[in-house]
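# Architecture at a glance
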4 protein chains.
Amino acid sequence: MYKAGIAGATGYTGYELITLIHRHPQLEVGWLTSERNAGKRFNQLFSAPWTYPLIPLADAYLRTDEVDVVFLCLPHAESMEAVSRFYAAGVRVIDLSADFRLKDVNVYKRWYGIEHAAPALCAEARYGLCELYRSELSGARLIANPGCYPTSVNLGLYPLAKAGWLEKRVIIDSKSGVTGAGRKTKLIYQFAEANENITPYSVGHRHRHIAEMEQVLGATNGDSHGRGHRFLFTPHLLPVNRGILSTMYVDVPAGVTEAHIRQLYAENYAGEPFIHLLPPGEQASLAHAVGTNRCALSITPADPSQTDGSEYIVTATIDNLIKGASGQAIQNFNIAAGVEETAGLQ
Amino acid sequence: MYKAGIAGATGYTGYELITLIHRHPQLEVGWLTSERNAGKRFNQLFSAPWTYPLIPLADAYLRTDEVDVVFLCLPHAESMEAVSRFYAAGVRVIDLSADFRLKDVNVYKRWYGIEHAAPALCAEARYGLCELYRSELSGARLIANPGCYPTSVNLGLYPLAKAGWLEKRVIIDSKSGVTGAGRKTKLIYQFAEANENITPYSVGHRHRHIAEMEQVLGATNGDSHGRGHRFLFTPHLLPVNRGILSTMYVDVPAGVTEAHIRQLYAENYAGEPFIHLLPPGEQASLAHAVGTNRCALSITPADPSQTDGSEYIVTATIDNLIKGASGQAIQNFNIAAGVEETAGLQ
Amino acid sequence: MYKAGIAGATGYTGYELITLIHRHPQLEVGWLTSERNAGKRFNQLFSAPWTYPLIPLADAYLRTDEVDVVFLCLPHAESMEAVSRFYAAGVRVIDLSADFRLKDVNVYKRWYGIEHAAPALCAEARYGLCELYRSELSGARLIANPGCYPTSVNLGLYPLAKAGWLEKRVIIDSKSGVTGAGRKTKLIYQFAEANENITPYSVGHRHRHIAEMEQVLGATNGDSHGRGHRFLFTPHLLPVNRGILSTMYVDVPAGVTEAHIRQLYAENYAGEPFIHLLPPGEQASLAHAVGTNRCALSITPADPSQTDGSEYIVTATIDNLIKGASGQAIQNFNIAAGVEETAGLQ
Amino acid sequence: MYKAGIAGATGYTGYELITLIHRHPQLEVGWLTSERNAGKRFNQLFSAPWTYPLIPLADAYLRTDEVDVVFLCLPHAESMEAVSRFYAAGVRVIDLSADFRLKDVNVYKRWYGIEHAAPALCAEARYGLCELYRSELSGARLIANPGCYPTSVNLGLYPLAKAGWLEKRVIIDSKSGVTGAGRKTKLIYQFAEANENITPYSVGHRHRHIAEMEQVLGATNGDSHGRGHRFLFTPHLLPVNRGILSTMYVDVPAGVTEAHIRQLYAENYAGEPFIHLLPPGEQASLAHAVGTNRCALSITPADPSQTDGSEYIVTATIDNLIKGASGQAIQNFNIAAGVEETAGLQ
C-alpha cells in the first residue's frame, strides 16, 4: 500500500485525485495541504464526507516520510519550489502544474514570463503523456503531468506527426468544460454567464498550452513562425462541467490515404487501455470520455467521397479532470511505481 | 414618449429593464447609473451593443428633469435615500429593492436588521403587485416592486386567502434560477458548482421574502407563531438561468370543492392579461413563464379521487427577471402613468 | 470471482451496472441481454468501448450456468417471468423492476393494475434497502431493488418512523434528473423541452413509488386514507442528468427536540458507509450524492429559533442511477454474497 | 395592420414567429396550420396561453384572402407545392424551408436528392439574407429565408468574399443549440444524451447548408472541388437551447492588414441595426445574440503580434430561431412590405 500526499488539494483536481485514490487498490491518502484553508477539514470545502485535515505546505515538508508520492496541484510558478523540496526529500513527485512540462527553460520564460527557478530539475523531469512516453516514465522520480488541452491534441495528432504525415499548419478548435478554469470565482464562470453560452477565448496564438503541442508534436521552434508546425489553437468555454473536445483540421501529404492513417493509429495505439479509436462514421463526443480516463479519437476525411484527399478532421475527447489531470497523474504514478497501469482508473 | 432613468443599471434587472424599454412604444432610456462602473459604457459590461454611458447617482440627482420615471435596482438599505431624493424631485419612482415593500417599519427592522430611514415615505409607497392592487397603483408616485418569490406565492394563493379558504399552515417549496441571486461572483453560483445540482437554502422560517407573503396573504403578525398564517418556505437554487416555480401545499376548509376553487380563481383573474390559469391536468412549468411577464397557475387536489378533499397543491411559475422584477416594474409604470398595461410586455 | 448477467442491459441502469462491475474486484460481466438489440454489441448503443455482445433473453435462460447472479433491468410486468425463470435455475437474482418490491400482491395490483404472476416468489423476495434490512439480505436468493424516489424518502424518514416520531401527514417534494425516466425518446425529455425548465408531474397521490414509502414507513393501509401515514408526494423533472433531492416536511410529537432527532439519526446510521449525515446548517444537495452510492441527509427545524418546535424539514439526496438503482443493486449483491459491502462502490 | 398565416406552425420556428408577431405593431396572427395536429389548439402543444385553432393546409388554401403574408415552416420537399399554391393565390410568401434557397435546381438536386418541382418559381424567389440583398427584397413576393448556419457564415465572411480577400480554403467550426434540429424526438436530442456533451456531426463536406455558403460567397461550382472556395464545415451539437457560434479560420492575401479588414467590415455594415461588430479583443459569444435578431461578429488575427499576417479567425453568433429563422423572416416581411425594418425585432 502506497501513501499519497496532495499539495494544493482543495481545487477540482485535488477532489478528483482523492476520488480516484479511494478506488485504487494500492494507494491511500496521506496528508492534504492548503495554504488558505489550513486548519479546516476537507468536508468543509466540498460536498463530500471526507474529514481529512488540511495542513499548510510548511508542515507537509516535515512529513515527507509519511508518503510515497506527492501530487502537486499548485498554481504554476508556485510549484517550482515545492517540487524541488519534495524531490530533495526523496519522495516521488507528480506535478500537475505547468512548471516542469517544458524542457527548454527559455521556452518556459517566453510563455510564462518568469525565469525558471529550478532548471536542473526541469531537465530531470519526465513529461507524463503516458501513451507516448511510457518507457521513460517507468521508475521516474519526477513527472510533469501534461496540460488538459495538449493531452487531447497530442494524443490526437502524435501518430501523424511521428510518421511525418502532419503538414505544417494545424487548426485546432477546442471546447472545454468550466472546471478547466479551476475552482475560483470570476464573472465569466458564473452560472448565469456561462450557461446557455459558448465563448472563444485566448484567440490567436496566445494560449500557453500551445507550447506543449509544439514540444510534443515536433515543432523545432517554440514561437509560431519557426520551421516546425504552426498551431492555430482556439479554445472555447463550453457550458458543461467537464470534458474537452478538440476538433482538429489537418493536411496530410499526397498519397497518404484514409486506410494508411487508420492503420497508423491502430498500430500506434494497439493495446492501449485508455485510447478509444472510433470506427469510421462515429464521432468522438464528450460522452465517450467524461467520467473515464479514456481519450476517444475519430478520423474523418474532409471529403468522404475522396478517401485519398489531403484534408482530415481528427477529433479527440477527454475528461479534463481525469485524463487531462488527475487520472493521468494516477496513471503516471502507476507506471512510475510499477503498479498495474489501470489500477484505480477502470 | 416617456423617459426612464435606471439607478443601479448594471445588474440583471437593469439589463432586463433596458430590453423591455426598447420594446415599449412609449418609453425610452434616459440615463443609467452605476457607482462602480461610472464612466464606462453599458456595452463594456454586457454582451449588448448598447453604448449608454453610466453616470454616478450623484449626477443623476442633478438630472431628474430629464426623466419621467426612475427605476431603482439598488441593494436594499441603499435604496432608501435614493428613493427619497428622486421622490422629492418630483419624478415617479419605481423601487425594485425591498426597502419600501413592508408597510410596517417594525417588520422591516425585524427582517432586515436596520431602522427604516424614511418611514413617512414607506406609508406613501404602494405595493406593486399589479393584479391585486391595480386601483391603488393608478397614478401612484412611488411604487415598491414586489420580490420575485412573493410574486409567485402571492399570486398563487391570494384568491384562497381573500376568500378565507386558506388554512393556517402553508408549505411552499420554491425553486429559482441563478439570476435570482444577482450578478455577483460567489462560489455557490459558479457554473461548476450550480450546474447539475440543486440546493435548498435559507431552510427554516428565515428568508426575508416571507415578510411579503405575510403582509399580502393576511398574516396578522409578522413572526411565524402569530395568529395568522404560518408560511414554511424553502427556496432552492435551480440550475437554470431564469424562472421560479413555487410548489405550494395548502389546506382548504371542509366543504370547499375543487370546482369552488377553480371558480374562485377564474373570477379573481378574469381578463388578467398576465395570469395563465391552467386547465386540470396541466402543471405550471418554467416553460410557461420564462421570457414572458406571465404567471402560470395550476391547482390540483392532493387526492384526485376525492375532489372535495382538503389538501391541494398549487403551483405557480414566473420569470424572476420579468414578472418577478423588471417586467412587473414596467407593468407598474404603465398602470401608474395610464399607459396601456401590456405595453412593452407582449 | 463472480460473474454477472444483466437482463435488459441497454438502458441507463445497465450502463451504470457495467461501469460499477468494472470497478468491482470480485465481479465481472458475464452476458448481457437486449430484446430489441440482440445481435448487436454494447458499443453500438453507447459511447463506450465495451464490445460485449447482446443476446436475447431466451438465450440467457440457457446460459444460467455461466453466471452467479443476474441483475434484471426489465420494465415492470415483464420482469415477473424472467425473475421466476432465473430463480428456478438457481442463480441469485437482483431485480431492479418494481415487480417484487411490494409484499402484498393486492397492493401491487392496485398500483400497477395487473395481477401478480408469481405471488409465491413475491413472498420470498427481500426488499433490498440495504441500510434498513441488511440482516435479511445476507444470503438472499432473490432481492427486489428499491425504487429511486423511495430510497431517498425511506432512508430520510425511517429513523423517525421507527421511533414513532413521524406524524401522520408527510409532504414530500422531490426533484429528479432526467435519467430517472429511462433511455427512451419522448417530447418532454427532449433537451430543448427539459433544459432551462422544471416540471411537476404525477401531482396528487398518484405516483407508484408511494407504495414503497407506505410499505417501509409503516402505513398500515396502502391507500392514502388509511390509518397510517399519508404521503403527499410531488415529483418534479429537473434539468440535470442524474440525482434526486427529496425535500420532506414532517411533524414530530411535542417534546421531541432537534437534539433528540439528531441523536436518533446518528444511532440509526452509525457506521453506515453510504449514509452522509450532514451537520446543522449544511443542506443536502445533488453534489453530495451524484457519482456516489451515498445518501446525504439534512435535518432542519422549520423555526430555527425554536429547536423544540414540531415542524422539521428533512432533505435527502442520492444519485438515482447509483444508490437509487445500480449501486444499491451491487451493494445488495455484496451483502447477499458475503462480499465486502463497499466493494466496487467507493 | 397586416395578417400572417403560418403553415407548419407547431415547431420551434412557428412558436417563435408567433412570439415576434405579438410584439410587432403592424402584424397579427391570421391562421395556423398543422397536418398532424389539425383540430387542436396551439396551447395544447406548447406552454403558452395562445388558443389559436390549428387547421390543415387544405383549409388554408381556401383562406388565402384572410392573410397578407404566409410564413411556411414546412420540411423541405413538402414546401414546394405549398409555396406554389400560396404564391399563385397572390399572397406574399416567406418560405423558411430550403426549397427555394438555391438558384440552380441542379445544385438543389445534388444536395437534396430530389428534382425541384417548381423551377420557374425558384428563379423568381429572392434569397432573404437581408443585410446583403436588401434592395432585391423590397417588394418581393416570394422570399426564401436563409438557413441558420449559412446566415452566421455568410454574414461573417461576405465582406471579405466581396472584396476578393477570402482565400480559397475556409474552415468553419460551427456549434448550434438543440432547437436547430427541430421539435422532434430522437435519442441524440434527449436531455440525458445531449446535456453535458458536445458532438460533431455531418463531418466532412456533407452538410446541406454548405450549398448556401457556396452560393453566397461566390463559389462558382457547387461541389467542393470547383474553382471557387472550398468550405470545410463541421457542425457540432451544443448543450444549449438556442444559438449558433461559427468559428471561421480564413486566409487573406498578403498586404491586407487587420486595419484594412476592420475598415472593410465597418463600411459594409455601417448603419445595420442587426449587425454587432465587436471591438478588438471582444469575442462573439452566444450571449451577444440569443434572444435577439442580431449577428455579432469578431475579427482576430491568428498571430496578434503580426497584424499584417494572413490568417484570421472570424467568429459570428446568431440566435438560430431568430436571426437564423423566424426573426429574419419577420425582417424579410418588413423589407418586402415596406414596414420599418426593425418592427417587432427590437
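Residues numbered from 1 in each chain as written. Chains lettered and ligands numbered in written order. Predicted model: local features only at pLDDT ≥ 70, side-chain atom pairs only at ≥ 80, totals over all residues.

A separate point is the overall build of chain A. Check the secondary structure of chain A and you find 11 helices and 14 strands. Taken over C-alpha atoms, the radius of gyration comes to 20 Å for chain A, in line with the 20 Å a tight globule of 346 residues would show. Seen along its three principal axes, the alpha-carbon backbone of chain A occupies a region of about 65 × 45 × 40 Å. Nonlocal contacts in chain A, meaning residues at least 24 apart in sequence, comprise 66% of its contacts between residues at least 6 apart. (Helix = DSSP H or I, 4+ residues; strand = E, 2+ residues; numbered from the N terminus. Rg over C-alpha atoms; globule rule 2.2 N^0.38 Å. Contact = placed C-beta atoms within 7 Å.)

The next thing to look at is helix α7 (residues 148-162) of chain D. Residues and elements named next belong to chain D. Taking 1.5 Å as the rise per residue, α7 with 15 residues should run 21 Å; its terminal C-alpha atoms sit 21 Å apart, in good agreement. At Gly-156, α7 shows its maximal kink, close to 40°; a proline, Pro-159, follows between one and four residues later. Taking burial as the measure, the 15 residues of α7 include 13 buried ones, the bulk of the element. Phi for Gly-164, located one or two positions after α7, is positive at around 75°. (Expected span 1.5 Å × (residues − 1). Bend = angle between axes of the 7 residues up to and from the residue. Buried ≥ 20, exposed ≤ 12 C-beta atoms within 10 Å, placed from the backbone.)

Further remarks concern the nonpolar core. In this structure, Phe71(A), Phe71(B), Phe71(C) and Phe71(D) are the most contacted members of the largest nonpolar core, which totals 448 residues. Aside from chain neighbours lying at most four places away, what touches Phe71(B) is Ala4(B), Ile6(B), Leu17(B), Ile94(B), Leu96(B) and Ala329(B). (Core = buried A, V, L, I, M, F, W, Y, C linked by C-beta atoms within 7 Å.)

Moving on to the sheet that holds strand β8 (residues 169-176) of chain C. Residues and elements named next belong to chain C. One open sheet holds the 7 strands; their spatial order is β9-β10-β8-β11-β14-β13-β12, and the pairing between them is mixed. Of all strands in the sheet, those bounded by a partner on one side alone are β9 (199-200) and β12 (275-277). Strand direction decides the pairing type here: β9 and strand β10 (residues 230-237), joined by 2 bridges, are antiparallel. Its bridge partner being in β10, Pro-200 is matched across the sheet by His-236. In the packing of helix α7 (residues 148-162) onto the sheet, contacts are made with β8, β10, β11 (244-251), β12, β13 (295-301) and β14 (311-318), and the angle to β11 comes to roughly 35°. Those strands touched by helix α10 (residues 258-268) are β12, β13 and β14, and its axis lies near 165° from that of β13. (Pairing = 2+ DSSP bridges. Axes fitted to C-alpha atoms, helices over the stretch in contact; angles between N-to-C directions.)

To continue, consider the relation of the copies chain D and chain A. Both copies of the chain are related through a single rotation about an axis accompanied by a shift along the same axis. Aligned on chain A, chain D shows an RMSD of 0.0 Å; the corresponding rotation is 180° and the shift along the axis is 0.0 Å. Both copies are brought into coincidence by an operation consistent with a two-fold rotation axis. The residues that chain D uses at the interface reappear at the interface of chain A in 100% of cases, marking a shared surface. (Least-squares fit on C-alpha atoms with pLDDT ≥ 70 in both.)

It is worth spelling out the domain arrangement of chain A at this point. All names here are of chain A. By domain assignment, chain A separates into domain 1 (2-146 + 324-337) and domain 2 (149-320). Computed from C-alpha atoms alone, the centre-to-centre distance between domain 1 and domain 2 is 25 Å. Listed as interface residues are 20 residues of domain 1 and, on the opposing side, 22 residues of domain 2. Looking at the side of domain 1 that touches domain 2, the elements with two or more residues in it are α4 (105-112), α6 (130-137) and α11 (322-337). (Domains from an automatic or database assignment.)

The subject of this paragraph is helix α11 (residues 322-337) of chain B. All names here are of chain B. For α11, built from 16 residues, the straight-helix expectation of 22 Å at 1.5 Å per residue is missed by more than 12%, its first-to-last C-alpha distance being only 19 Å. Considering bend angle alone, the principal kink of α11 is centred on Gln-328 and spans about 45°. With 15 of 16 residues buried, α11 is to be regarded as a mostly interior element. Gly-338, located one to two residues past α11, shows a positive phi value of around 80°.

This next bit is on the relation of the copies chain B and chain C. Superposing chain B onto chain C takes a rotation of 180° plus a shift of 0.0 Å along the axis, which leaves an RMSD of 0.0 Å. Interface residue correspondence from chain B to chain C reaches 100%, placing this contact among same-surface, isologous pairings.

Residue and element names in this part refer to chain A. Here strand β8 (residues 169-176) lies mainly inside the structure; 7 of its 8 residues are buried. Of the pairings in the sheet, the one linking β8 to strand β10 (residues 230-237) comprises 8 bridges and is parallel in character. Bridge pairing in β10 places Ser-174 opposite Pro-235. Both β8 and strand β11 (residues 244-251) contribute to a ladder of 6 bridges, which runs antiparallel. Within the sheet, the bridge partner assigned to Ser-174 lies in β11 and is Ser-246.

Another aspect to go through is the interface of chain D and chain A. Chain D puts 36 residues into the contact, and the matching count from chain A is 36 residues. Elements with a contribution of two residues or more to the side of chain D that touches chain A: β8 (169-176), β9 (199-200), β10 (230-237), β11 (244-251), β13 (295-301) and β14 (311-318) of chain D. By residue class, the composition of the side of chain D that touches chain A is 18 nonpolar, 12 polar and 6 charged. (Nonpolar A, V, L, I, M, F, W, Y, C, P; charged D, E, K, R; others polar.)

Take the interface of chain B and chain C next. Contact residues are listed per partner, giving 36 residues for chain B and 36 residues for chain C. Mapped by element, the contributors of at least two residues to the side of chain B that touches chain C are β8 (169-176), β9 (199-200), β10 (230-237), β11 (244-251), β13 (295-301) and β14 (311-318) of chain B. Here the side of chain B that touches chain C is composed, by residue class, of 18 nonpolar, 12 polar and 6 charged.

Glancing now at unusual backbone geometry. All names here are of chain B. The residue Ala-77 is not glycine, and still its phi comes out positive at about 80°. Overall, the presence of 15 C-beta atoms within 10 Å leaves Ala-77 in the partly exposed class. With a phi angle near 55°, Glu-196 is a residue other than glycine that sits in the positive phi range. Mapped onto the elements of the fold, Glu-196 is located in the loop between α8 (191-194) and β9. Among the residues examined, Glu-196 registers 24 C-beta atoms within 10 Å and is labelled buried.

Structurally, Arg206(D) can be placed in the loop between β9 and α9 (210-217). Arg206(D) sits 146 residues away from Ala60(D) along the chain, and the two C-alpha atoms are 35 Å apart.

Residue and element names in this part refer to chain A. Viewed as axis vectors pointing N to C, helix α1 (residues 12-23) and α11 meet at an angle of 45°, and their least axial separation amounts to 9 Å. In this view, α1 runs oblique relative to α11, as classed from their interaxial angle. Along this stretch, α1 crosses α11, giving a crossing that reads as right-handed. The segment α1 lies against α11, with Thr-13, Glu-16, Leu-17 and Leu-20 engaging Ile-322, Ala-325, Ser-326, Gly-327, Ala-329 and Ile-330. For the contact of α1 with α11, a count of residues per class yields 6 nonpolar, 3 polar and 1 charged. (Parallel < 35°, antiparallel > 145°, perpendicular 65-115°, else oblique. Left-handed = near helix turned anticlockwise from the far one by under 90°.)

With that settled, the discussion passes to the pairing of strand β4 (residues 69-72) of chain A. Residues and elements named next belong to chain A. Neither face of β4 is exposed, since Val-69 and Phe-71 on one face and Val-70 and Leu-72 on the opposite face are all buried. Here strand β1 (residues 2-7) runs beside β4; their pairing, made up of 4 bridges, is parallel. Directly across from Ala-7, in β4, lies its bridge partner Leu-72. Pairing of β4 with strand β5 (residues 92-95) involves 4 bridges; the strand directions are parallel.

Residues and elements named next belong to chain D. Running from amino to carboxyl end, α7 crosses α9 at an angle of 25°, the nearest separation of the two axes being 10 Å. On the basis of the axis angle, α7 is roughly parallel to α9. α7 and α9 meet at a crossing whose hand is right-handed. For the pair α7 and α9, contact is made by Pro-150, Val-153, Asn-154, Leu-157, Tyr-158 and Ala-161 and by Glu-212, Met-213, Val-216 and Leu-217, respectively. Residue composition of the contact of α7 with α9, by class: 8 nonpolar, 1 polar and 1 charged.

Residue and element names in this part refer to chain B. Reading across from one edge, β3-β2-β1-β4-β5-β7-β6 is the order of the 7 strands in this open sheet, with parallel pairing throughout. Of all strands in the sheet, those with a lone pairing partner are β3 (54-55) and β6 (126-127), marking the two edges. The pairing of strand β1 (residues 2-7) with strand β2 (residues 27-33) spans 4 bridges and is parallel. By the bridge assignment for β2, Ala-4 is matched with Val-29. Packing of helix α1 (residues 12-23) onto the sheet brings it into contact with β1, β2 and β4 (69-72), and relative to β2 it is tilted by some 155°.

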